[in-house]
Amino acid sequence: PECSNMAEYIESLQRLAEQFGRLQGIGKKTAMRMAFSVIEMDEADAAEFASAILEAKEKIHECPICGNLTDTEICYVCDDETRDRSVICVVEDVKAVMSIEKVRGFRGVYHVLHGVISPVNGITPEKIRFRELIERAGQEGVKEVIIATNPTPDGEVTAMYISKYLKPLGITVTRLAY
Ligand code: ZN
């Protein structure tokens, strides 16, 4: 019989493949290949693999200032004293922080919303880190907010909503598409 059929009879292999299959973008075949790769690892590598998952889950949390992911108390951007705190770049998720950081041109700080306002999906401003943004932007020294939400309908709605709240505070609001 084929390997994939065989796997149905090996409960722990099936269980492992199911776990990989839960990952975003991983289909059944890929999940099974990944499970076989783990089986082929030696004991030490498998232990390292498992402990990397547990350590990441245990240590990684949201930065209390900007919402970026970090395994230190505050994230490396907020911790960097050379970054310009008068400019806040608003993004939907941590992946956007990573892609902007890769370019290395931006020297301000971030605010991660962890979502966008989406009337269709019932996501209201209260369900994302909107209030935290308004509070931060209202602090002394903040001059500019760059809104870098994605150019989707929800991203645009969110950008307009944020802009409406920030402009009366005397903050320069810039819409960035990337
Ligand atoms: Zn931070």
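None of the values given here were measured: they were computed from a predicted structure.

**Q** Just to check I follow, could you spell out the side chain of R129 for this structure?
**A** Mapped onto the secondary structure, R129 falls in the loop between strand 4 (108-112) and helix 7 (130-137). Look at R129: it is buried, it has no salt bridge, and the nearest opposite charge is E62 at 4.2 Å. Of note is the side chain of R129, whose polar atom sits 3.1 Å from the backbone oxygen of C66. Each residue touching R129, except ones within four places of it in the same chain, is listed here: E62, C63, P64, I65, C66, G67, H111, V112, L113 and H114.

**Q** I keep staring at the packing of aromatic side chains and nothing clicks. Help me out?
**A** Here the distance between the centres and the angle between the planes together describe a pair of aromatic rings. Under the counting rule described, the total for this entry stands at 5 aromatic pairs. Arranged with centres 5.2 Å apart and planes meeting at 40 degrees, the rings of Y161 and Y165 form a pair that is tilted. Remark: Y165 and Y161 occur in helix 8 (residues 153-166); sequence separation between them is 4 residues, near one turn of the helix. Here Y161 falls in the partly exposed class, since its relative accessible area comes to 23%. By relative accessible area, which is 37% here, Y165 ends up partly exposed. An aromatic cluster is present here, built from F130, Y161 and Y165 joined pairwise through their rings.

**Q** Quick question: what am I supposed to make of the coordination of the zinc ion here?
**A** Octahedral metals with six donors have ideal donor angles of 90 or 180 degrees. Tetrahedral metals with four donors have an ideal donor angle of 109.5 degrees. C63 (SG), C66 (SG), C75 (SG) and C78 (SG) make up the full set of protein donors to the zinc ion, lying at 2.3 Å. Coordination geometry of the zinc ion: the 4 donor atoms subtend angles of 100 to 117 degrees at the metal centre, consistent with an arrangement described as tetrahedral. Counting along the primary sequence, the residues that act as donors to the zinc ion give the motif C-x2-C-x8-C-x2-C. Of this pair, C63 sits in the loop between strand 1 (61-62) and strand 2 (69-70) while C78 sits in helix 5 (residues 76-79), and the two are 15 residues apart along the sequence.

**Q** Explanation requested: the sheet that holds strand 3 (residues 84-91) in the structure shown.
**A** Strand pairing in a sheet relies on backbone hydrogen bonds, with the paired strands running either antiparallel or parallel. The sheet built from 4 strands is open, its strands ordered 4-3-5-6 with parallel pairing. Only two strands of the sheet have a single neighbouring strand rather than two, namely strand 4 and strand 6 (172-175). Looking at each pair of strands side by side, their axes are set apart by 25 degrees on average, direction ignored. Of the pairings in the sheet, the one linking strand 3 to strand 5 (residues 144-147) comprises 4 bridges and is parallel in character.

The rules behind each value
- Per chain, residue numbering runs from 1 following the sequence as it is written.
- For this predicted model, a pLDDT threshold of at least 70 governs which residues receive local features, and a threshold of 80 or more governs which side-chain atom pairs are given and counted, while totals over whole chains, interfaces and linings are taken from all residues.
- The basis for the side-chain values is all heavy atoms of the structure; hydrogens and waters are excluded.
- A helix here means a DSSP run of H or I that spans at least four residues, while a strand means a run of E at least two residues long, and both kinds are numbered starting from the N terminus.
- Type-normalised accessible area, obtained with a 1.4 Å probe on protein chains alone, sets the label of each residue: buried when under 20%, exposed when over 50%, and partly exposed for intermediate values.
- Counting rule applied: Lys, Arg positive; Asp, Glu negative; His and chain ends not counted.
- Just to be clear on terms, a salt bridge is a Lys or Arg side-chain nitrogen sitting within 4 Å of an Asp or Glu carboxyl oxygen.
- Under this definition, polar contacts are N or O atom pairs within 3.5 Å; protein pairs additionally need one hydrogen-donor-capable and one acceptor-capable atom, and for neighbouring residues in sequence, both atoms have to be side-chain atoms.
- Every residue pair with non-hydrogen atoms within 4.5 Å of one another is taken to be in contact.
- Only Phe, Tyr and Trp rings are paired, with Trp represented by its six-membered ring, and only when their centres lie within 6.5 Å; those with planes under 30 degrees apart are stacked, over 60 edge-to-face, the remainder tilted.
- Coordination here is defined by N, O and S atoms within 2.8 Å of the metal (3.2 Å for Na, K and Ca), and since water is not considered, a site can look incomplete.
- Only four donors with every angle between 85 and 135 degrees are called tetrahedral; only four or six donors with opposite donors over 155 degrees apart and all others between 65 and 115 are called square planar or octahedral, in that order; all others are irregular.
- Note on pairing: DSSP must find at least two bridges between two strands before they are called paired.
- Orientation is described by lines fitted to C-alpha atoms, with helices fitted over the stretch in contact, and by angles between N-to-C directions that extend from 0 to 180 degrees.

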